[in-house]
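Survey of secondary and tertiary structure
Residues per chain, in single letters:
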Amino acid sequence: MRKLPEFTSKAFLAPMAGVSNPALRLICKELGAGLVVTEFVNIHAVSAKAQDIKKFIEFSDKERPLSVQLFGSDLKKLEQAVKIVEPHFDIIDYNMGCPAPHVTEQMACSALLQKPELTRKILRTMVKATSKPITVKIRAGIDKPNKFLEIGKIAQEEGLAMITLHPRTVKQGYSGHSDWSLIKKLKESVNILVCGNGDIETPEDAKRMLEETGCDYVMIGRAAMKNPFVFTQVNDYLKTGKYRKASDKMRIKKFFDYL
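Sequence order as written defines the numbering, with residues in each chain counted from 1. Reporting in this predicted model follows two pLDDT cut-offs: at least 70 for local features of residues, and 80 or more for side-chain atom pairs to be given and counted; totals over whole chains, interfaces and linings ignore these cut-offs and use all residues. Working from all heavy atoms in the structure, the side-chain values ignore hydrogens and water.

Further remarks concern the environment of Pro-87. Helix and strand labels come from DSSP, where a helix needs a run of H or I of at least four residues and a strand needs a run of E of at least two; each type is numbered from the N terminus. Relative to the helices and strands, Pro-87 resides in the loop between helix 4 (75-85) and strand 5 (91-96). Residue Pro-87 is classed as exposed on the basis of its relative accessible area, which comes to 58%. Through-space distance from the C-alpha of Pro-87 to that of Lys-132 is 9.0 Å; in sequence the pair is 45 residues apart. Summary of the burial criterion: residues with accessible area below 20% of their type's maximum are buried, those above 50% are exposed, and those between are partly exposed, where the area comes from a 1.4 Å probe applied to protein chains only.

For the rest of this paragraph, the subject is the pattern of salt bridges. For salt bridges, the criterion is a side-chain nitrogen of Lys or Arg within 4 Å of an Asp or Glu carboxyl oxygen. Here the structure, examined in full by the defined rule, presents 17 salt bridges. Across the pair Lys-254 and Glu-30 runs a salt bridge, and its minimum N-O distance is 3.2 Å. In this pair, Lys-254 is assigned in helix 12 (residues 248-258) and Glu-30 in helix 1 (residues 22-30), connecting sequence segments 224 residues apart. The exposure class assigned to Lys-254 is buried, which follows from its relative accessible area of 16%. Judged by its relative accessible area of 54%, Glu-30 falls in the exposed class. Between Glu-201 and Lys-226 there is a salt bridge, with the nearest N and O atoms lying 3.3 Å from each other. Remark: Lys-226 occurs in helix 10 (residues 222-226) and Glu-201 occurs in the loop between strand 8 (193-197) and helix 9 (203-213); sequence separation between them is 25 residues. The class for Glu-201 is partly exposed, based on a relative accessible area of 40%. Assessed through its relative accessible area of 52%, Lys-226 is described here as exposed. Among the charged side chains, a network of salt bridges with common partners joins Glu-30, Lys-253, Lys-254 and Asp-257.

So, on to the side chain of Arg-120. Secondary-structure assignment places Arg-120 in helix 6 (residues 116-129). The class for Arg-120 is buried, based on a relative accessible area of 18%. Any two residues whose heavy atoms approach within 4.5 Å are treated as being in contact. Those residues in contact with Arg-120 that sit more than four places away from it in its chain are Ile-154, Glu-157 and Glu-158.

Quick look at the packing of helix 4 against helix 6 now. Think of each axis as a best-fit line through the C-alpha atoms, taken over the contacting stretch in the case of a helix, with angles from 0 to 180 degrees between the N-to-C directions. Axis separation between helix 4 and helix 6 bottoms out at 9 Å; the angle between their running directions is 35°. At the point where helix 4 passes helix 6, the crossing takes the right-handed sense. Contacts from Leu-75, Leu-78, Glu-79, Val-82 and Lys-83 in helix 4 reach Lys-121, Ile-122, Thr-125, Met-126 and Ala-129 in helix 6. Lys, Arg, Asp and Glu make up the charged group, whereas Ala, Val, Leu, Ile, Met, Phe, Trp, Tyr, Cys and Pro make up the nonpolar group; the residues left over, Gly among them, are polar. Along the lines of polarity and charge, the residues of the contact of helix 4 with helix 6 split into six nonpolar, one polar and three charged. Definitions for this section: a left-handed crossing has its near helix turned counterclockwise from the far helix by less than a right angle. A right-handed crossing has that turn clockwise.

Structure below.
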């Protein structure tokens, strides 16, 4: 199993389509995110843009360690895409979490939760194609939480460095509540690193997820969109038990930095 880079924080920025652009990633990195991840990228698009990949997937060295997230299930194109992005990124992540119908109908992302043998082939292809660490982000299952342990076992057997679990089903989308007990079950069933994701709104939430589930890292998505200072706050709270809220002046300044 390949080791992940050293992280300065246990709190990561989640990949979000249409949101996790280079500007937001830089802001969150400056404010203490241990890891940032690109928006998910179609492996066919990566192969087509091989000559201009640094323009197609915009990023900065200031974001490192930096993870690129891929999706798509064509094994030949996947191998090509991994080799294309390998020189530019520290980690290569695979998306098995997005519940959007226009993506899942391509037998991609969370649709793969119902295809464990194809999932194994995908993860094996990625690991063989690169020397960089491979990670995967998943959901609990399609309409009930019954796939995450099986996929976690496959990820471990195929040599992945980490698995991130958003403990909602595909059917739930972003409704209801994420079941953190599933993160605990996953952590207890695998020997690789586990990152928990879902419903972390505050530093208190981040600390509670770490303590309740035993996960190694937490990944914050929607909360970071409205409050990128959450990373500074989580880091301070984990170290000292205290944190300060961002003032209006600080928020406005960061907003213009983002623009």
